[in-house]
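Structure assessment
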Number of protein chains: 2
Amino acid sequence: MVGRLYRLPETASYGEPEVLMGSFAVKGDLIWTPEPGRFESLADGYITVEDGRIAAVSPRRPDLPVDDYSGRLIIPGLSDLHLHAPQYVFMGLYMDEELLQWLERHTFPIEAAFRDEGFAREAYQVFSDDLLRTPTTRISAFGTIFADTTLLLMDILDKAGFSGYVGKVNMDRNSPDILREATEESVSETLRFIEEGSRFASVRPIITPRFIPSCSDRLLSELGRIAADYGLPIQSHLDENLSEIEWVASLCPDSASYADAYDSFSLLTERTIMAHCVWLGDDEVRLMKERGAFVAHSPSSNINIASGIAPVRRYLDEGLKVGLATDVAGGSSLSLLRMVSDAVQSSKVHWRIADGSLEPLSLSEAFYLASKGGGSFFGKVGSFEAGYDADIAVIARDADRASRLLQPGIEERLESVIYRSAEMPVEAKYIRGRKVRGSGS
Amino acid sequence: MVGRLYRLPETASYGEPEVLMGSFAVKGDLIWTPEPGRFESLADGYITVEDGRIAAVSPRRPDLPVDDYSGRLIIPGLSDLHLHAPQYVFMGLYMDEELLQWLERHTFPIEAAFRDEGFAREAYQVFSDDLLRTPTTRISAFGTIFADTTLLLMDILDKAGFSGYVGKVNMDRNSPDILREATEESVSETLRFIEEGSRFASVRPIITPRFIPSCSDRLLSELGRIAADYGLPIQSHLDENLSEIEWVASLCPDSASYADAYDSFSLLTERTIMAHCVWLGDDEVRLMKERGAFVAHSPSSNINIASGIAPVRRYLDEGLKVGLATDVAGGSSLSLLRMVSDAVQSSKVHWRIADGSLEPLSLSEAFYLASKGGGSFFGKVGSFEAGYDADIAVIARDADRASRLLQPGIEERLESVIYRSAEMPVEAKYIRGRKVRGSGS
């Protein structure tokens with residue numbers, strides 16, 4: 001066992017999530033999935049919100065102030081279990097390559113630009129503004145290796161009212177110089193990130209080793225220990241691409257599997273999100289289930305980067321925890337609603353041409369994954385049942401805004417036009433009962 | 001050979017497509033695919049239009065009036081080789097079923113409503129209005145069995161300035177009573193449809209047997225003869241779904257294949273579009289190539305109805321003519337730009353999990369299919385090369401409009417919200433040099 005690179009602080013203090021005290025109601029056409037198999041809905045229904053939580057859903061108007069969205073569809077806030085905030089600036093671009101090439105040629109050079117505060121501030125603000133217009137209320141996001149601009153991302157998301165986790169990425173090997181940290185630096189910057197990142201009300205730090213290939217054993221073991229000592233959640237990538245998996249096998253000769261490698265460093269816990277899991281082996285499925293780790297299913301990304309299709313039906317049958325993720329920018333949409341249809345479509349293709357024994361996902365099952373399924377990583381989130389956090393999205397059918405920060409060329413702009421199907425904007429949005437968008441009437 | 005059910009008229013007269021005489025130029029950031037492998041582009045370029053055709057593309061301003069779209073992306077008008085106009089009213093709904101069930105339960109009952117002129121007029125107007133906001137300039141569309149409302153569809157599309165083909169659907173067996181015609185009636189109504197449909201300037205009749213299961217041998221043989229006598233193009237469905245293919249085999253014991261069945265009735269010609277072709281056998285590929293028939297690749301529909309993924313790379317390698325199609329409403333988007341990304345994504349999945357020997361489509365290849373590839377069915381359409389019809393689409397990034405005609409329930413509305421990713425609207429559009437949308441400046 002390597003020696004500890006840090007001392008545990010006397011007290012690890014965290015702010016408490018802001019909660020809107022008081023009561024009010026939201027009116028509209030309500031729909032949610034209490035369980036995967038079925039939708040529940042109520043036309044002209046009232047959601048009573050008390051102290052940031054859902055108290056009741058009723059057809060009768062409560063004696064409270066009402067935000068009236070009559071005629072509009074109202075769904076639970078959705079949870080995005082995996083995305084890369086800095087990659088939003090090139091979402092929909094560079095889609096003709098596979099993972100490792102795509103990282104080398106495009107992703108790493110652009111993430112390097114986030115060392116610059118000015119660029120990062122502008123890019124993250126646009127990301128936050130556009131995310132605010134989607135039904136997403138909870139996220140688990142990657143920043144970059146740069147602690148300061150990742151803290152800036154947390155500040156922007158927190159001010160916008162989002163709730164969830166943001167991670168300073170760790171990379172100390174097999175990375176370009178500008179994105180490669182010394183192991184000690186990576187650990188100390190992570191500790192500083194945790195300390196400074198604990199000041200935000202609703203956005204919290206999460207331990208974020210990029211993936212096995214870019215983290216040394218020593219770094220991974222330190223990160224596992226930090227997560228345990230500070231009681232922090234963990235996010236990383238697992239079994240996304242076949243070449244990546246071969247590479248990991250050669251990097252971890254002593255591990256039984258890719259998942260086992262993470263587990264040997266105590267990085268596989270019930271508060272861990274593993275993105276993708278396209279190619280989990282039987283032993284890995286068992287291990288993920290034993291540890292209670294979450295699978296972040298990213299159907300758009302898995303197809304765009306030609307990784308494959310995750311057998312979600314099997315994971316659900318085996319009792320794994322599964323949520324949906326946009327995986328911006330491997331994924332080409334910021335909209336979890338788009339991910340719902342992508343998940344259904346992917347499962348149909350898998351059923352038809354890969355494994356006819358795995359029934360396609362129904363629409364309600366896929367919607368459940370985007371709402372209550374992924375939401376359970378954040379607590380009681382993603383349903384309109386009493387006691388759930390009041391995460392509420394009112395769907396509108398108006399425009400989405402395009403953003404451009406890279407002055408892309410004409411071909412890139414065309415590619416962007418092709419891949420960026422408009423996100424479904426929301427007219428209003430509440431997170432823990434706090435209105436973060438819209439006026440109501 | 002059965003006896004002829006009709007007499008060939010003395011003269012089969014057709015209107016000539018309206019062409020805008022005179023010259024002008026369109027300015028903007030131009031991009032097109034002269035060949036599948038590469039994009040060609042010109043920033044701040046000028047397209048010179050003479051008498052409805054493209055005369056030149058140049059970086060220098062010609063001495064002509066200019067419609068100035070500086071800063072906007074300008075692409076060739078796109079060609080949609082297969083869609084069902086009446087199904088637009090439920091696009092994005094009923095996506096949890098396979099083809100035959102989906103036809104029985106939803107498609108046929110709703111198509112039956114198009115016997116009513118008032119409903120048809122409203123539905124087709126919304127379809128035309130929304131189609132006008134996409135980059136699509138040419139279409140080959142199915143109407144219903146009802147000749148009068150299908151003529152109404154032609155009238156609406158013609159007035160809107162679209163160019164292409166609309167077919168009165170033929171069905172005389174294996175269909176619900178309200179959609180089943182007597183063979184003689186089907187033939188005589190088709191002849192009336194051809195006569196009355198010949199009055200439109202830019203939208204022409206096309207022979208449209210729905211598919212083998214819903215057309216008797218006698219009807220198919222009459223339709224093949226009508227197509228030959230009137231020199232009309234043909235559209236139908238081929239090898240979409242495995243159950244459908246088994247059914248056809250049992251219906252046509254004497255045919256070597258599904259394609260051979262059409263061919264035996266002279267319905268497979270160089271002016272024939274066969275939608276889907278997901279499961280073409282080797283002999284069918286050869287036959288399609290010998291006849292010079294077009295494949296209408298509908299990636300969105302083929303996945304939504306779980307039909308499979310057409311091996312487009314193979315068809316291209318074998319020299320088949322291929323274009324893209326939305327196949328509304330099996331397809332869940334009216335946007336051919338969405339079909340471009342869907343075609344790329346489908347080809348990646350097929351390469352990864354079905355046949356690693358078939359390379360995925362590149363973006364330019366897929367865009368070529370939507371523009372010049374499918375456009376070749378209509379003439380010199382889909383490129384900015386000199387001599388091509390001046391079909392030009394100026395891309396804007398504003399809202400798309402939702403339309404609702406079925407007063408869907410809340411679940412259906414949610415499903416629609418999920419599946420209907422916004423079409424990419426156009427700020428302006430020209431068809432054969434005629435501005436059909438937008439003002440310019």
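Residues numbered from 1 in each chain as written. Chains lettered and ligands numbered in written order. Predicted model: local features only at pLDDT ≥ 70, side-chain atom pairs only at ≥ 80, totals over all residues. Heavy atoms only, no water.

Residues and elements named next belong to chain B. Where burial is concerned, most of strand 6 (residues 136–142) is hidden: seven out of the seven residues are buried. Across five bridges, strand 5 (residues 78–84) lies against strand 6 in parallel orientation. Opposite His84, over in strand 6, you have Phe142 as the bridge partner. Pairing analysis gives five bridges linking strand 6 to strand 7 (residues 163–167), with the strands arranged parallel. Note on strand 7: the bridge partner recorded for Ser140 is Tyr165. (Buried < 20%, exposed > 50% of the residue type's maximum accessible area, 1.4 Å probe, protein only. Helix = DSSP H or I, 4+ residues; strand = E, 2+ residues; numbered from the N terminus. Pairing = 2+ DSSP bridges.)

Using the criterion set out here, one finds 26 aromatic pairs over all chains in the structure. Grouping aromatic residues by their ring pairs yields a cluster made of Tyr165(A), Phe294(A), Phe377(A) and Phe378(A). (Phe/Tyr/Trp six-rings, centres within 6.5 Å; stacked < 30°, edge-to-face > 60°.)

With that settled, the discussion passes to the pairing of strand 2 (residues 38–50) of chain B. Residues and elements named next belong to chain B. In this structure, strand 1 (residues 23–35) lies alongside strand 2, joined through ten bridges in antiparallel fashion. Bridge pairing links Ser23 to Glu50 in strand 2. In textbook terms, the turn of a hairpin is the stretch between consecutive antiparallel strands, and for strand 1 and strand 2 this stretch comprises two residues. As judged from the five bridges shared by strand 2 and strand 3 (residues 53–58), these two strands associate in the antiparallel manner. Paired with Glu50 across the two strands is Arg53, which belongs to strand 3. In sequence, strand 2 turns back onto strand 3 through a hairpin of two residues, with Asp51 there showing a positive phi of about 50°.

Once that is clear, we can look at the sheet that holds strand 5 (residues 78–84) of chain A. All names here are of chain A. A sheet is described by the order of its strands in space; here four strands give the open sequence 5-6-7-9, paired in parallel fashion. Whereas interior strands pair on both sides, the edge strands pair on one side only; in this sheet they are strand 5 and strand 9 (203–205). Averaged over neighbouring strand pairs, the angle between their axes works out to 20° when direction is ignored. (Axes fitted to C-alpha atoms, helices over the stretch in contact; angles between N-to-C directions.)

Before going further, it helps to examine empty space enclosed by the protein. One way to see where empty space is left: roll a probe the size of a water molecule over the atoms. A complete count under the given rule lists 15 cavities of 30 Å³ or more for this structure. When residues of the lining of the largest cavity are traced back to their parent elements, those giving at least two are helix 9 (299–304) and helix 11 (336–353) of chain A together with helix 9 (299–304) and helix 11 (336–353) of chain B. Here the lining of the largest cavity is composed, by residue class, of seven nonpolar, six polar and four charged. (1 Å grid on protein atoms, 1.4 Å probe; cavity = no way out; pocket = protein on both sides within 12 Å on 5 of 7 lines; lining within 4 Å. Points joined across faces, edges and corners; volume = space filled by probe spheres on them. Nonpolar A, V, L, I, M, F, W, Y, C, P; charged D, E, K, R; others polar.)

All names here are of chain B. Summed over all chains, the structure comprises 48 salt bridges over all chains. Between Glu290 and Arg291 there is a salt bridge, with the nearest N and O atoms lying 4.0 Å from each other. A salt bridge links Asp342 to Arg338; its shortest N-O distance comes to 2.9 Å. With Asp342 and Arg338 both in helix 11 and four residues apart, this pair spans about one turn of that helix. A relative accessible area of 6% places Arg338 in the buried class. (Salt bridge = Lys/Arg side-chain N within 4 Å of Asp/Glu carboxyl O.)

Here the focus is the state of the cysteines. Residues and elements named next belong to chain A. If you walk through the whole model with that rule in mind, you get zero disulfides over all chains. Here Cys215 stays unpaired: no disulfide links it, and the sulfur of Cys252, its closest cysteine neighbor, is 11 Å away. On the accessibility criterion, Cys215 (0% relative accessible area) is buried. (Disulfide = S-S within 2.5 Å.)

Below, the discussion takes up the packing of helix 4 (residues 183–197) of chain A against helix 5 (residues 217–230) of chain A. All names here are of chain A. Here helix 4 crosses helix 5 at 20°, and the two axes come no closer than 10 Å. Between helix 4 and helix 5, the crossing angle belongs to the class labelled roughly parallel. By crossing handedness, the relation of helix 4 to helix 5 is classed as right-handed. The residues of helix 5 that touch helix 4, namely those facing Thr183, Glu184, Ser186, Val187, Thr190, Leu191, Ile194 and Glu195, are Arg218, Leu219, Glu222, Leu223, Ile226 and Tyr230. (Parallel < 35°, antiparallel > 145°, perpendicular 65-115°, else oblique. Left-handed = near helix turned anticlockwise from the far one by under 90°. Contact = heavy atoms within 4.5 Å.)

Take the sheet that holds strand 9 (residues 203–205) of chain B next. All names here are of chain B. Taken in spatial order, the four strands of this open sheet run 5-6-7-9, and their pairing is parallel. The open sheet has two edge strands with one neighbour each: strand 5 and strand 9. Geometrically, the sheet is characterised by an average inter-axis angle of 20° between neighbouring strands, direction not taken into account. On the sheet, helix 4 (residues 183–197) packs against strand 7 and strand 9 and is oriented at approximately 155° with respect to strand 9.

In this structure, Phe127(B), Leu238(B), Tyr262(B), Met288(B) and Tyr315(B) are the most contacted members of the largest nonpolar core, which totals 108 residues. Ranked by residue count, the leading element in this core is helix 3 (residues 147–160) of chain B, at eight residues. Excluding residues within four positions of it along the chain, Met288(B) makes contact with Leu238(B), Leu268(B), Met274(B), Cys277(B), Leu280(B), Ala293(B), Phe294(B), Val295(B) and Leu320(B). In this structure, Leu73(A), Ala261(A), Met274(A) and Val340(A) belong to the second largest nonpolar core, which totals 107 residues. (Core = buried A, V, L, I, M, F, W, Y, C linked by side-chain atoms within 4.5 Å.)

All names here are of chain A. With respect to the element layout, Glu181 can be found in the loop between strand 8 (169–170) and helix 4. A polar contact is formed between the side chain of Glu181 and the side chain of Ser186, at a distance of 2.8 Å. Among all residues touching Glu181, those that are not within four sequence positions of it are Ile145, Lys168, Val169, Asn170, Met171, Asp172 and Ser186. (Polar contact = N/O pair within 3.5 Å; in protein donor to acceptor, adjacent residues only side chain to side chain.)

All names here are of chain B. Structurally, Leu83 can be placed in strand 5. Residues Leu83 and Val166, 83 residues apart in the sequence, show an inter-C-alpha distance of 9.8 Å. Once you skip the residues sitting within four places of it in the chain, Leu83 turns out to touch Phe127, Ile139, Ser140, Ala141, Phe142, Thr326, Asp327 and Val328.

So, on to the side chain of Thr149(A). All names here are of chain A. One can find Thr149 in helix 3 (residues 147–160). Polar side-chain contacts of Thr149 include one of 2.7 Å to the backbone oxygen of Phe114. Excluding its chain neighbours within four sequence positions, the residues that come into contact with Thr149 are Phe114, Arg115, Asp116, Glu117, Ala120, Tyr124 and Thr144.

Residues and elements named next belong to chain B. The terminal C-alpha atoms of helix 3 lie 20 Å apart, and with 14 residues this matches the ideal 20 Å at 1.5 Å per residue to within 8%. Burial analysis of helix 3 places eleven of its 14 residues in the buried class, the great majority of the element. Residues of helix 3 that are buried: Ala147, Thr149, Thr150, Leu151, Leu152, Leu153, Met154, Ile156, Leu157, Asp158 and Ala160. (Expected span 1.5 Å × (residues − 1).)

A common measure of how large an interface is: the accessible area buried when the components associate. Residues and elements named next belong to chain A. Considered domain by domain, chain A is made up of domain 1 (23–77 + 383–437) and domain 2 (78–378). Centre-to-centre separation of domain 1 and domain 2, based on C-alpha positions: 24 Å. Where domain 1 abuts domain 2, roughly 3600 Å² becomes buried across the two surfaces, and 55% of that area is made up of carbon and sulfur atoms. The interface formed by domain 1 and domain 2 includes three salt bridges. One salt bridge in this structure joins Asp389 and Arg138, with 3.1 Å as the shortest N-O distance. Viewed at the interface, domain 2 and domain 1 are joined by 15 residue pairs in polar contact (both at pLDDT 80 or more). The class makeup of the residues in the side of domain 1 that touches domain 2 is 19 nonpolar, seven polar and 15 charged. (Domains from an automatic or database assignment. Buried area = accessible area lost by both parts, 1.4 Å probe.)

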